[in-house]
Structure formats: structure tokens, C-alpha cells
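What follows is the residue order along each chain.
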Amino acid sequence: MLIGALEAGGTKMVCSIGTPKGGVLQRASFRTLTPDETIPQMLDFFRNFEISALGIGSFGPLDLNPKSKTYGTITSSPKKAWRDFPILETMRHELHVPVEIDTDVNAAALAEYVVGAGKTYKSLVYVTVGTGVGGGIILNGDIVHGLVHPEVGHMLLTPSEMDTMPGGMCPFHDHCLEGLASGPAIEKRWGLSPALMMENHPAWDLEADYLAQMCVNLIMTVSPEIIVLGGGVMQQQHLFPKIRKHVFRMLGGYVASARLDEEHLDSYIVPPALGNNSGVTGALLLGAKAVATRK
Ligand code: ADP
Ligand code: ZN
């Protein structure tokens, strides 16, 4: 059985064909122009294959309430041409297959949960630290949607006294995680792209402090069995030990789990096991779910 996967991003649309277990067989990428321009290109690609379902991991925000009239539309996206665009309904109508949709980060979280770093656990949080910061939460196999969907990237943090940009740069919130710790926030604060910074740059200890605050907040609220950190900024591998050190200190020994002992944190806060493939794998798994539920 073949499954189609669409990773819908603000700059490109990555279309793949793969197996229900997440193996990728074919891939094509199209620039995200307007729906009128980009949708036909994606449909042409998918129509070359006999797919049984399509899974979509999309930039958002999305309407993910199955009872809503606008379920599966991109809602208030800054990409104007895509605002209110019914991406799920369009693909389902044109391809005549069941379609399942979720946010890009929820798809990645699902992949890490099912076949990646979290495959032996019942709960997981996946956070990507890149142009934005976003997180997906999975509990007992279910992606947490709740009222809308979690906005892990906009949790409020305590700014460091050392921070020259303590308010952050989010247009909506003062000192939220994304505003303080995204790639563009690092670049704005220090006037240098994080990809070019040396390991001993002071930016990294501040970044580790903020990402550790995030981990601690997640530990205290969600109590996940594993936290997976991905995205461009986390390519800086040295951030992991720095974050774990701060997490251990900030927890203050309060939470009673051996997994949070200093020597065990390296298997608790981890990089994605699937590397850059968590998005596509997650979209394939969503497609497989659509087959099972005939959505
Ligand atoms: P996106 O979030 O747009 O999907 P990425 O996850 O690659 O894409 O994140 C892009 C951000 O990550 C940019 O702000 C970039 O400066 C930063 N980044 C990319 N590579 C690195 C790196 N090796 N080290 C630190 N930061 C990086
Ligand atoms: Zn914010």
C-alpha cells in the first residue's frame, strides 16, 4: 500500500510517497507560492501514484476541531494567500482518498513517538527550535489538541539578567520562548547568525537557560517520559549537555524520578532519532491513520 505525505511549509511544499510505516520511496519539492499555483503541482505529483491515503503535516495555525465547519483549513497564517485555505478538503476532493491533517510539529512528534526516540514510551514532547519554536505533545498515543492545539513556543519564560533583549521579539508576547530563543531571536540579540557562532559564544549559555526553563515547565505540566529537541538551532549539539545541566539545577530535586537524575538526563532530553525525516515520517503515519479511520 502506498501513502502520500505532504509537509506543507511556508517556503516549500515537500510531497512524498511512502509506506504506512513511514518508509519514504519518492520525494518532490515545490515552492510555496499561492494555492492556485502550488496545489496543481502537488496534485500532478500525487496522481502519478496509486495512493490509498494522504497525510498532511502543515504550518499553521490550523483548524483541527473535527466538528468545525472549517476543519482542516489554515486559519490566521501570516502567508496571506493561504489564509482560510481548506487544504484538507481540497486534497481529499481532488485525490479521492482519505486525508488526515495535523500541524507540522505534531506530525514530527508522532513520528518520534511511533518509530523514533520515544518508541518505548507512552508519552513524549517534541520541540523544534528554528525560525520559530513549536512543540507537539503525545500522551498514550494521542496527539494533544485540547481547545485548539498547544502553543509550546509561546510559553512565558523568566528573562535572564544578562539578556540585552529581555522582552524578546514576539509581536504578541513579552518574554515568550519563541521571542527569546528562536534562531532569529538569537541573531537579533547578538547581530550574528546562530549557524556561524562558535561553541564558546555567550549566546549558547543563555539559549540553554531558556530551553531548560521550557523543559522544566513541560516536566512540571505534562510530565513526559522523554523530551526530543530538534530544528536548526539544535544542530548545535553542545547545547544538549548545557540544557541538561540547567534543567537539573532548576528542578531542584523536586520531581521524584530516576530519569531526571543528573546521569540519566542524557537519555531524557535527546535529539530526534529520525533526524530531518521526522516530518515526512509523521505525515506518512497520519496518512496510515486516515486509512484506518477512512477520514
Ligand atoms: P524552519 O524553522 O524554518 O523550518 P530550521 O529548523 O532549519 O528551519 O531553523 C532555521 C533557523 O535555525 C534559522 O534561524 C537558522 O539561523 C538556525 N540554524 C540553522 N542551522 C543552524 C546551526 N547549524 N546552528 C545554529 N542555528 C542554526
Ligand atoms: Zn509569543
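For clarity, every value in this text was computed on a predicted model and none was experimentally measured.

Caption draft 1: Summary view of the nonpolar core. Within the largest apolar cluster, 39 residues are counted, with the highest numbers of intra-cluster contacts made by Val127, Met214, Leu229, Ile243, Val247 and Ile269. Discounting residues that sit within four places of it in the chain, Leu229 has contacts with Val127, Met214, Cys215, Met234, Phe240, Ile243, Ile269, Val270, Pro271 and Pro272. Grouped together as the second largest cluster of nonpolar side chains are 29 residues, Ile39, Phe45, Phe46 and Ile87 included.

Caption draft 2: Region of interest: the domain arrangement of the protein. If you check the domain split of the protein, you get domain 1 (2-104) and domain 2 (117-271). Just the C-alpha atoms count here: the centres of domain 1 and domain 2 sit 28 Å apart.

Caption draft 3: Geometry of the side chain of Thr73. By secondary structure assignment, the location of Thr73 is in the loop between β4 (51-58) and α2 (87-95). We classify Thr73 as buried; its relative accessible area is 7%. A distance of 2.8 Å separates the side chain of Thr73 from the backbone oxygen of Thr70, its partner in a polar contact. Ignoring any residue separated from it by four or fewer positions in sequence, one finds Thr73 in contact with Pro61, Leu62, Asp63, Asp84, Phe85, Pro86 and Ile87.

Caption draft 4: Geometry of the sheet that holds strand β9 (residues 227-230). Ordered by their spatial adjacency, five strands build an open sheet running β8-β7-β6-β9-β10, and the pairing between neighbours is mixed. Each edge of the sheet is formed by a strand with only one pairing partner; in this case those strands are β8 (142-143) and β10 (269-270). In terms of strand pairing, strand β7 (residues 133-139) meets β8 through two bridges, oriented antiparallel. The residue of β8 that forms the bridge with Ile138 is Ile143. Helix α6 (residues 203-221) rests against β6 (123-129), β9 and β10 of the sheet, and its axis sits at about 155° to β6.

Caption draft 5: Quick peek at the environment of Val105. Its place among the elements puts Val105 in helix α3 (residues 104-114). Along the chain, Val105 and Ile137 lie 32 residues apart, while their C-alpha atoms are 9.2 Å from each other. The contact partners of Val105, leaving out residues within four places of it in the chain, are Tyr126, Thr128, Gly134, Gly135 and Gly136.

Caption draft 6: The arrangement of α2 in detail. Along α2, the residues classified as buried are Ile87, Leu88, Thr90, Met91 and Leu95. Axial view of α2: buried residues confined to an arc of 165°, hence all on one face. Contact partners of the buried residues in α2: β1 (2-8), α1 (35-46), β4 and β5 (99-103). Positive phi shows up at His96, right after α2, with a value of about 55°.

Caption draft 7: Geometry of the environment of Val127. Mapped onto the secondary structure, Val127 falls in strand β6. With near-sequence residues (within four places) excluded, Val127 lies in contact with Val133, Gly134, Gly135, Val152, Met214, Leu218, Val228, Leu229 and Gly230.

Caption draft 8: Region of the structure containing the coordination of the zinc ion (ligand 2). Here the zinc ion (ligand 2) is held by the protein donor atoms His154 (ND1), Cys170 (SG), His173 (ND1) and Cys176 (SG), which lie 2.1 to 2.4 Å from it. With four donor atoms in place around the zinc ion (ligand 2) and angles of 102 to 121° between them, the coordination shape is tetrahedral. Of the residues examined, Cys170 reaches a relative accessible area of 14% and is grouped as buried.

Caption draft 9: Summary view of the pairing of β1. Burial analysis of β1 places five of its seven residues in the buried class, the great majority of the element. As judged from the seven bridges shared by β1 and β4, these two strands associate in the parallel manner. Note on β4: the bridge partner recorded for Ala8 is Ser58. Pairing of β1 with strand β2 (residues 12-18) involves six bridges; the strand directions are antiparallel. Bridge pairing in β2 places Gly4 opposite Ile17. Adjacent in sequence and paired antiparallel, β1 and β2 are bridged by three residues.

Rules used in this analysis
Residues numbered from 1 in each chain as written. Chains lettered and ligands numbered in written order. Predicted model: local features only at pLDDT ≥ 70, side-chain atom pairs only at ≥ 80, totals over all residues. Heavy atoms only, no water. Core = buried A, V, L, I, M, F, W, Y, C linked by side-chain atoms within 4.5 Å. Buried < 20%, exposed > 50% of the residue type's maximum accessible area, 1.4 Å probe, protein only. Contact = heavy atoms within 4.5 Å. Domains from an automatic or database assignment. Helix = DSSP H or I, 4+ residues; strand = E, 2+ residues; numbered from the N terminus. Polar contact = N/O pair within 3.5 Å; in protein donor to acceptor, adjacent residues only side chain to side chain. Pairing = 2+ DSSP bridges. Axes fitted to C-alpha atoms, helices over the stretch in contact; angles between N-to-C directions. Arc of directions from axis to C-beta. Donors = N, O, S within 2.8 Å, 3.2 Å for Na, K, Ca; no water. Tetrahedral: all angles 85-135°; square planar, octahedral: opposite > 155°, others 65-115°.

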